[in-house]
Amino acid sequence: MPVQALCTVAEAVKLNAFAFSLTLDVGEELAGQVACGQFIHIKCGHSRLLRRPISVCDWMGDTLRVVFEVRGEGTEWLSRRKAGDKLDVLGPLGRGFDVSGKKLLVVGGGIGVPPLLGCAKYAASRGGEVHACLGFRDEGHMMLTGDFAEYCRGLHVISDDGSTGRKGFVTELVEEFLAAEACAGDACTACCGAPARPVILACGPRPMLKGVAALAERYGVPCQVSLEERMGCGVGACLVCACKTADGRMKHVCKDGPVFDSREVDWND
């Protein structure tokens, strides 16, 4: 059950020229319900009626961490919060990722990277094998790679301009990983009949998610995607974040998602 609480900013950090990290003391009742891939709704300023949905990056004890970029007046206001400030928070909200797989490939693009950190940390703490493919616009937008390296067996980074070390799109890294896994799986089948296949967890721009979903379909691996839509209420009462599924039905990203099975999404909508 979502909780509305007045939460204290415990730490405010600027990660780069564009991204900000806030650690919030949200209390045991809210923090104790958080699952990987969920989000919270934050009221940004007294004069703004609509809240801003921000994915949970990490959580521990009575605190949770959110990472965001400035995209408008609300997030600009949020970026100026300091330790000790109070925020009106509603959450946790939405349906998150299933991280029970023994081998996970987390795929993040841009501001879709932060929510995958909590997934990697949670899975690794329970003995899961986690690999990460992360894509950024450029080196200046890169974030959290040190954190991912701590929890992932393999970490691969790419950027649009090559300033992070390799130029290209994150889907290239995903295809290389899946091709290598397919070869390893064939070898495993020959000796024990039990090919290992990863589960993909992806978050990022819709074109990236569409590409990752197509690769998952081609290689026959499960894929979960976290969709981003404009939200009003955050609890399914309005129609702002309605999206069309592959079977023609309409669902709410805030309530039925934001995480969906990639085969459930109508990628041509």
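The numbers attached to residues start from 1 for each chain and follow its sequence in the written order. It should be noted that, the model being predicted, local features are given only for residues of pLDDT at least 70 and side-chain atom pairs only at 80 or more, the latter also being counted only at that level, while totals for whole chains, interfaces and linings use all residues. Derived side-chain values reflect all non-hydrogen atoms in the structure, with water molecules and hydrogen atoms excluded from consideration.

- Under the annotation held in an unreviewed UniProt entry, the protein chain carries the name Dihydroorotate dehydrogenase B (NAD(+)), electron transfer subunit and is attributed to Intestinimonas massiliensis.
- Regarding the protein chain, the relevant UniProt record gives this comment under Subunit (unreviewed entry): "Heterotetramer of 2 PyrK and 2 PyrD type B subunits."
- As its UniProt record puts it under Sequence similarities (unreviewed entry), the protein chain is described as follows: "Belongs to the PyrK family." UniProt positions are given in the numbering used here, feature names are shortened, and annotations may be inferred rather than shown by experiment.

## Examining the layout of surface pockets
1) Next: Grid points spaced at 1 Å over the protein atoms alone were grouped into cavities, where a 1.4 Å probe fits but cannot get out, and pockets, open sets with protein on both sides within 12 Å along at least five of seven lines, with lining residues defined by an atom within 4 Å of a point. Grid points are joined across faces, edges and corners, and a volume is the space filled by probe spheres set on the points. Estimated volume of the largest pocket: approximately 1400 Å³.
2) Next: As for the largest pocket, its lining consists of 46 residues, of which Arg-71, Ile-111, Gly-112, Glu-228 and Glu-229 are closest to the centre.
3) Next: Mapped onto the lining of the largest pocket, the elements with two or more residues apiece are strand 4 (51-60), strand 5 (63-69), helix 3 (114-125), strand 8 (129-136), strand 9 (154-159), helix 5 (170-192) and helix 6 (206-219).
4) Next: Helix and strand labels come from DSSP, where a helix needs a run of H or I of at least four residues and a strand needs a run of E of at least two; each type is numbered from the N terminus. Residue contributions to the lining of the largest pocket peak at five residues, all from strand 4.
5) Next: When its residues are assigned to classes, the lining of the largest pocket shows 23 nonpolar, 13 polar and 10 charged. Residue classes follow a fixed rule: Ala, Val, Leu, Ile, Met, Phe, Trp, Tyr, Cys and Pro count as nonpolar, while Asp, Glu, Lys and Arg count as charged, and any other residue, Gly among them, counts as polar.

## Let's talk about helix 6
1) Next: Expected helix span is given by 1.5 Å per residue-to-residue step, counting one fewer step than there are residues. For helix 6, built from 14 residues, the straight-helix expectation of 20 Å at 1.5 Å per residue is met to within 8% by its first-to-last C-alpha distance of 20 Å.
2) Next: Every buried residue belonging to helix 6 is among Met-208, Leu-209, Val-212, Ala-213, Leu-215 and Ala-216, and all of these are buried. Seen end-on, helix 6 carries its buried residues on one side only, within an arc spanning 160°. Set apart from the buried face of helix 6 by more than 90 degrees, the exposed residues are Pro-207, Glu-217 and Arg-218.
3) Next: Two residues or fewer past helix 6, Gly-220 is found with a positive phi of approximately 70°. Note on exposure labels: buried denotes an accessible area under 20% of the residue type's maximum, exposed denotes more than 50%, and partly exposed covers the range between, all computed with a 1.4 Å probe on protein chains only. The arc refers to the directions leading from the helix axis to the C-beta atoms.

## Notes on helix 3
1) Next: Across its 12 residues, helix 3 extends 18 Å between first and last C-alpha, which sits within 8% of the 16 Å expected from 1.5 Å per residue.
2) Next: The buried count for helix 3 comes to nine of 12 residues, which makes it a mostly enclosed element.
3) Next: Regarding helix 3, the residues found buried are Pro-114, Pro-115, Leu-116, Leu-117, Gly-118, Cys-119, Ala-120, Lys-121 and Ala-123.
4) Next: Note on definitions: a residue-residue contact is assigned when non-hydrogen atoms from the two residues lie within 4.5 Å. If you follow the buried residues of helix 3, they end up packed against strand 4, strand 5, strand 7 (103-109), strand 8, helix 4 (145-151) and strand 10 (199-203).
5) Next: The positive-phi residue at the C-terminal boundary of helix 3 is Gly-127, with phi of around 85°.

## Brief notes about the pattern of salt bridges
1) Next: Note on definitions: salt bridges are taken to be side-chain nitrogens of Lys or Arg within 4 Å of carboxyl oxygens of Asp or Glu. All chains considered together, the criterion is met by 13 salt bridges.
2) Next: A salt bridge links Lys-121 to Asp-58; its shortest N-O distance comes to 3.1 Å. On the criterion of sequence distance, the pair formed by Lys-121 in helix 3 and Asp-58 in strand 4 is long-range, its members being 63 residues apart.
3) Next: Among the residues examined, Asp-58 registers a relative accessible area of 15% and is labelled buried.
4) Next: One connected set of salt bridges, linked through shared partners, spans Arg-95, Lys-251 and Glu-264.

## Overview of the pairing of strand 3 (residues 39-43)
1) Next: Burial runs high along strand 3: four of the five residues are buried.
2) Next: DSSP bridges decide pairing: two strands pair if at least two such bridges lie between them. Relative to strand 4, strand 3 runs antiparallel, the two being bridged by five bridges. Bridging from a neighbouring strand, Lys-43 pairs with Arg-51 of strand 4.
3) Next: As defined by bridge partners, strand 3 adjoins strand 6 (residues 86-93) across three bridges and the pair is classed as antiparallel. Its bridge partner being in strand 6, Ile-42 is matched across the sheet by Val-89.

## Considering unusual backbone geometry
1) Next: Residue Pro-92 is bonded to the preceding Gly-91 through a cis peptide linkage, with omega at -5°.
2) Next: Following the sequence through the fold, Pro-92 ends up in strand 6.
3) Next: In this structure, Pro-258 follows Gly-257 across a cis peptide bond, with omega equal to 15°.
4) Next: Its location among the elements puts Pro-258 in the loop between strand 13 (250-252) and strand 14 (259-261).
5) Next: Its identity as a non-glycine residue notwithstanding, Leu-144 has a phi of 65°, on the positive side.
6) Next: Locating Leu-144 in the fold gives a position in the loop between strand 8 and helix 4.

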